[in-house]
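What follows is each chain in one-letter form.
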Amino acid sequence: MTEHTSEHTPHKENQRADKGEQKDRGRRTTQRQGQAHYFTKPFPFAVELGFFAGFIWGGLHWLFYLLHFTTVPLGFLAEPFFKHNFIYTAAGHLTGWLFFIVFSVLTSLIYTFTLKKWKGPLPGMGYGIFWWLIIFVLVGPKLDMVKPLNRLTWDSIITEFCFFLLWGLFIGYTVAMEFTDERKREPEQAGA
């Protein structure tokens, strides 16, 4: 008799599961079994993101400068605080790298606290272009951080524009992945 009941139990469970699936079809569960629900603290997250954005992208900018893709040294952010000749030394490059890390932390904090609910890659790309405009068009030439655009080479302009676009994408999309449902949305759409 136990064998007979065990044969019918899975069948009944399957029928219940089918009815439950029909009921919940199209609905999204808020939390799945085995997944912990956590909230990210914005301030430490933004500081960590800014540090790594500055470290990684500052190193890439230094590489771009060494490979002569751009004539703008990495220390362009430190230009108002140090002598011009110092910026072109190895110590000046390292100082510029530290300034870029601090700059990235500050901009990451600004993005996290103002635009963290914007989804997708486009807001981050726009954020990078925004900072490129501020540094290379509005403030940079007036503070002698960078040369005016008409005195820069086309290679430098294109490299710096693409650099800031990708740097902004890195910050913006990382924030979007953390504070919106971007991570959870992608696999469910792929399976549907």
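Structure first, text after, so check above.
Computed from a predicted model, the values in this text were never measured in an experiment.

Calculation notes
- Residues numbered from 1 in each chain as written.
- Predicted model: local features only at pLDDT ≥ 70, side-chain atom pairs only at ≥ 80, totals over all residues.
- Heavy atoms only, no water.
- Patch = residues over 30% accessible without salt bridge, like charges linked within 9 Å, V, L, I, M, F, W, Y side chains within 5 Å.
- Areas by Shrake-Rupley, 256 points an atom, 1.4 Å probe, with all protein chains shown as cover.
- Salt bridge = Lys/Arg side-chain N within 4 Å of Asp/Glu carboxyl O.
- Helix = DSSP H or I, 4+ residues; strand = E, 2+ residues; numbered from the N terminus.
- Core = buried A, V, L, I, M, F, W, Y, C linked by side-chain atoms within 4.5 Å.
- Buried < 20%, exposed > 50% of the residue type's maximum accessible area, 1.4 Å probe, protein only.
- Contact = heavy atoms within 4.5 Å.
- Axes fitted to C-alpha atoms, helices over the stretch in contact; angles between N-to-C directions.
- Parallel < 35°, antiparallel > 145°, perpendicular 65-115°, else oblique.
- Left-handed = near helix turned anticlockwise from the far one by under 90°.
- Nonpolar A, V, L, I, M, F, W, Y, C, P; charged D, E, K, R; others polar.
- Phe/Tyr/Trp six-rings, centres within 6.5 Å; stacked < 30°, edge-to-face > 60°.
- Lys NZ or Arg CZ within 6 Å of the ring centre and 35° of its normal.

### Remarks on a nonpolar patch on the surface
And step 1. Taken together, the side chains of Leu133, Val137, Leu138, Val139 and Leu143 present a nonpolar region at the surface, about 400 Å² in accessible area.
And step 2. By secondary structure assignment, the location of Val139 is in the loop between helix 5 (122–138) and helix 6 (154–179).

### Brief notes about the nonpolar core
Within soluble globular proteins, side chains that are nonpolar generally end up buried alongside one another.
And step 1. Counting residues in each nonpolar core, the largest one holds 31 residues, and the members touching the most others are Phe76, Phe100, Phe103, Ile135, Phe136, Phe164 and Trp167.
And step 2. Elements with a contribution of two residues or more to this core: helix 2 (42–66), helix 4 (90–115), helix 5 and helix 6.
And step 3. No other element matches helix 6, which puts seven residues into this core.
And step 4. Residue contacts for Trp167: discarding those within four places in its chain leaves Ala53, Trp57, Phe100, Phe103, Ser104, Thr107, Gly128 and Trp131.

### A closer look at unusual backbone geometry
And step 1. Even without being a glycine, His68 presents a positive backbone phi close to 65°.
And step 2. Following the sequence through the fold, His68 ends up in the loop between helix 2 and helix 3 (84–87).
And step 3. The phi angle at Asp144 is positive, at roughly 60°, despite the residue not being glycine.
And step 4. Here Asp144 lies in the loop between helix 5 and helix 6.
And step 5. A relative accessible area of 56% means that Asp144 is categorised as exposed.

### Topic: the packing of helix 5 against helix 6
And step 1. At a closest axis distance of 6 Å, the pairing of helix 5 and helix 6 adopts a crossing angle of 135°. If you check the angle between helix 5 and helix 6, you find them oblique. Here helix 5 runs over helix 6; the crossing is right-handed. Between helix 5, through Gly124, Met125, Gly128, Ile129, Trp131, Trp132, Ile135 and Phe136, and helix 6, the contact on the second element is made entirely by Ile157, Glu160, Phe161, Phe164, Leu165, Trp167, Gly168, Leu169 and Gly172.
And step 2. Class assignment of the residues belonging to the contact of helix 5 with helix 6 gives a composition of 12 nonpolar, four polar and one charged.

### So, the environment of Phe43
And step 1. Considering the arrangement of structural elements, one finds Phe43 in helix 2.
And step 2. In the structure, Phe43 is positioned 69 residues away from Thr112 in sequence and 8.1 Å away in space, judged by C-alpha atoms.
And step 3. If we ignore the near neighbours within four places in the chain, the residues touching Phe43 are Leu109 and Phe113.

### Quick word on the packing of aromatic side chains
And step 1. The full count for this structure, using the stated rule, is 28 aromatic pairs.
And step 2. Ring centres of Trp62 and Trp97 lie 5.5 Å apart, and the angle between their planes is 75°; this geometry places the pair in the edge-to-face category. With Trp62 in helix 2 and Trp97 in helix 4, this pair connects stretches of sequence that are 35 residues apart.
And step 3. On the basis of relative accessibility, which here comes to 19%, the residue Trp62 falls in the buried class.
And step 4. Assessed through its relative accessible area of 18%, Trp97 is described here as buried.
And step 5. Both rings, one in Phe130 and one in Trp131, keep their centres 5.5 Å apart while their planes meet at 75°; by these two values the pair is edge-to-face.
And step 6. Geometry around Phe179 places Lys116 over its ring, the cationic atom sitting 5.2 Å from the centre.

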